[in-house]
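Below, each chain spelled out in residue letters.
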Amino acid sequence: MNGLQAVKYTRGTLLVLDQLRLPHEFEYDNIQTSEEAFETIRSMRVRGAPAIAIVATLALAVELDNQNFSGATVLSQQEYITKKLDYLKGSRPTAVDLTNAISLLKQIVADAGRSAMGADTIRETYIQAAEKILRDDLTTNLAIGRYGAEYLHRQIFPVSSDVALESNGRKLSVLTHCNTGALATSGHGTALGIIRTLHKMNYLEHAFCTETRPYNQGSRLTAFELVYEHIPSTLIADSMAGALFAQRTKEKTIAAIIVGADRVARNGDTANKIGTYTLAVLAKHHGIMFIVAAPTTSIDLETASGEDIEIEFRPGQELTQISGVVVEGDGTIDKSKKVRVATAEQTIDVWNPAFDVTPHELIDAIITEKGEVVRSELGTFDFQTIMPERWAEQVEKRGH
Ligand SMILES: CSC[C@H]1O[C@H](OP(=O)(O)O)[C@H](O)[C@@H]1O
């Protein structure tokens, strides 16, 4: 894995990269409690559905490892863990990875309680389960990268077709939105992970990334990751996407738009960074493939459709103010000089949803670590094949 890590963890110690200081400063915070994790997630010093789940659950593991719980009973230890997990769940509501991780960890701790010899066994069981979530995430992302790259190459350059996109070496250009890379996960990434794998397999012509207003995850984080790994890339403002798609030239033929997901509903409707729906509509208009990269931890079978997904609204200052460092006349950056400027009328009302929902009808495929899921003849996504156990649980719970 490259040097870009949102999270550095060893038993008892959790370091979290402060992404609000990127790309100009590369500093880690030492997170030792659930409360510190909640604040670092809420403030978006760490963000990205998988990274949020990893930081929240590992922060509790560090807290449990460092505290003296003498006199704790199995029940009191279970209650402590459950209370902390429920608290952490509220840090950011739209992404489902944290909710799914909490459900899994609560079940593991409850099962352990039935056979645990003492509170320390409960603590150790929780810590090991949280550490497994971290390990599994990287394996998941590498699988998404492989499945996604192979799917795209198969679709764009079908063996039988003699019409390949005008580009040398049967390569393809893609566009991605927001940040879904090593800075949103334990490493490699999901949508950006597919781009990394395309590049590694020599399938990538060019990667375009959007600025992703208002928090600029694209210009601050994705651009940072792409440049860091010397992946051929171009940054555009969100508003430029349509013009880029319309400009179908050899260099700028976009074969696919690849985005991440914060929550995929049971029918395939997908909540993702604000602006994703706009790209999906543009993709339909321009005949460009629209791909969602989502680990199964981001799929929420309990939510029937996008209408039921809670969308997080964030402070208006994210639109009316920006911050950064001073660029001197000769182009050098003085990191000691921070600026925060108002870019709009400070008293105007602001509407700032952090996410939107892309209807499943606009999505061509959802790439998971179990392979791609494409729309069925009924026009919806069927996750039963890749998640049979969770699907069966939901059918039983719903009664149909
Ligand atoms: C694999 S990250 C998933 C998702 O999270 C990002 O949102 P945020 O930066 O607000 O946490 C973005 O929607 C990504 O697509």
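How each quantity is defined
- Residues numbered from 1 in each chain as written.
- Predicted model: local features only at pLDDT ≥ 70, side-chain atom pairs only at ≥ 80, totals over all residues.
- Heavy atoms only, no water.
- Helix = DSSP H or I, 4+ residues; strand = E, 2+ residues; numbered from the N terminus.
- Rg over C-alpha atoms; globule rule 2.2 N^0.38 Å.
- Buried < 20%, exposed > 50% of the residue type's maximum accessible area, 1.4 Å probe, protein only.
- Areas by Shrake-Rupley, 256 points an atom, 1.4 Å probe, with all protein chains shown as cover.
- Lys, Arg positive; Asp, Glu negative; His and termini not counted.
- Charge placed at Lys NZ, Arg CZ, Asp CG, Glu CD.
- Pairing = 2+ DSSP bridges.
- Axes fitted to C-alpha atoms, helices over the stretch in contact; angles between N-to-C directions.
- Disulfide = S-S within 2.5 Å.
- Near = heavy atom within 4 Å.
- Polar contact = N/O pair within 3.5 Å; in protein donor to acceptor, adjacent residues only side chain to side chain.
- UniProt positions renumbered as here; feature names shortened; annotations may be inferred.
- Contact = heavy atoms within 4.5 Å.

A.B. asks: Describe the overall build of the chain, and please don't skip the residues or the numbers.
C.D. replies: The number of helices and strands found in the chain is 11 helices and 16 strands. Whereas a compact globule of 400 residues would reach a radius of gyration of roughly 21 Å, the chain reaches 22 Å, a difference of no more than 12%. Expressed along its principal axes, the backbone C-alpha trace of the chain runs to roughly 70 × 60 × 40 Å. Classification of the 400 residues of the chain by burial places 53% in the buried group. Carbon and sulfur atoms make up 53% of the accessible area of the chain, which amounts to about 17,600 Å² in all. The centroid of the 40 positive side-chain charges in the chain is displaced by 2 Å from the centroid of its 51 negative side-chain charges.

A.B. asks: Summarise the sheet that holds strand β1 (residues 7-10); cite the residues concerned and give the values.
C.D. replies: Here we have 3 strands laid out as an open sheet, ordered β1-β2-β3, and antiparallel in their pairing. Edge positions in the open sheet fall to β1 and β3 (28-31), since each of these has one partner strand only. With strand direction ignored, the average angle separating the axes of adjacent strands in the sheet is 20 degrees. Of the strand pairs in this sheet, strand β2 (residues 13-17) and β3 are connected by 4 bridges, and their pairing is antiparallel.

A.B. asks: Talk me through the state of the cysteines; I want residue IDs and the actual numbers.
C.D. replies: Within the structure shown, the criterion is met by 0 disulfides. As a non-bridged cysteine, Cys178 has Cys209 as the owner of its nearest cysteine sulfur, 11 Å distant. Classification of Cys209 by relative accessible area gives buried; the value is 2%.

A.B. asks: Describe the site of the ligand, naming the residues involved and giving the relevant values.
C.D. replies: Near the ligand there are 18 residues, and of these Gly48, Arg92, Asp262, Asn272 and Lys273 occur at the shortest range. Take Arg47: an N or O atom from its side chain is 2.9 Å from an oxygen atom of the ligand. At 2.5 Å from an oxygen atom of the ligand is found a side-chain nitrogen or oxygen belonging to Asn272. Here the ligand loses 99% of its free accessible area of 400 Å² to cover by the protein chains.

A.B. asks: Before we move on, can you summarise the UniProt feature "active site" (unreviewed entry) in the chain with the specific residues and values?
C.D. replies: Annotation from UniProt places "active site" (unreviewed entry) at Asp262. Among the secondary structure elements, Asp262 is positioned in the loop between β7 (254-259) and β8 (263-265). Look at Asp262 and you get buried, because its relative accessible area is 9%. With near-sequence residues (within four places) excluded, Asp262 lies in contact with Ala49, Thr94, Ala95, Val96, Asp97, Ala271, Asn272, Lys273, Ser298 and Phe355.

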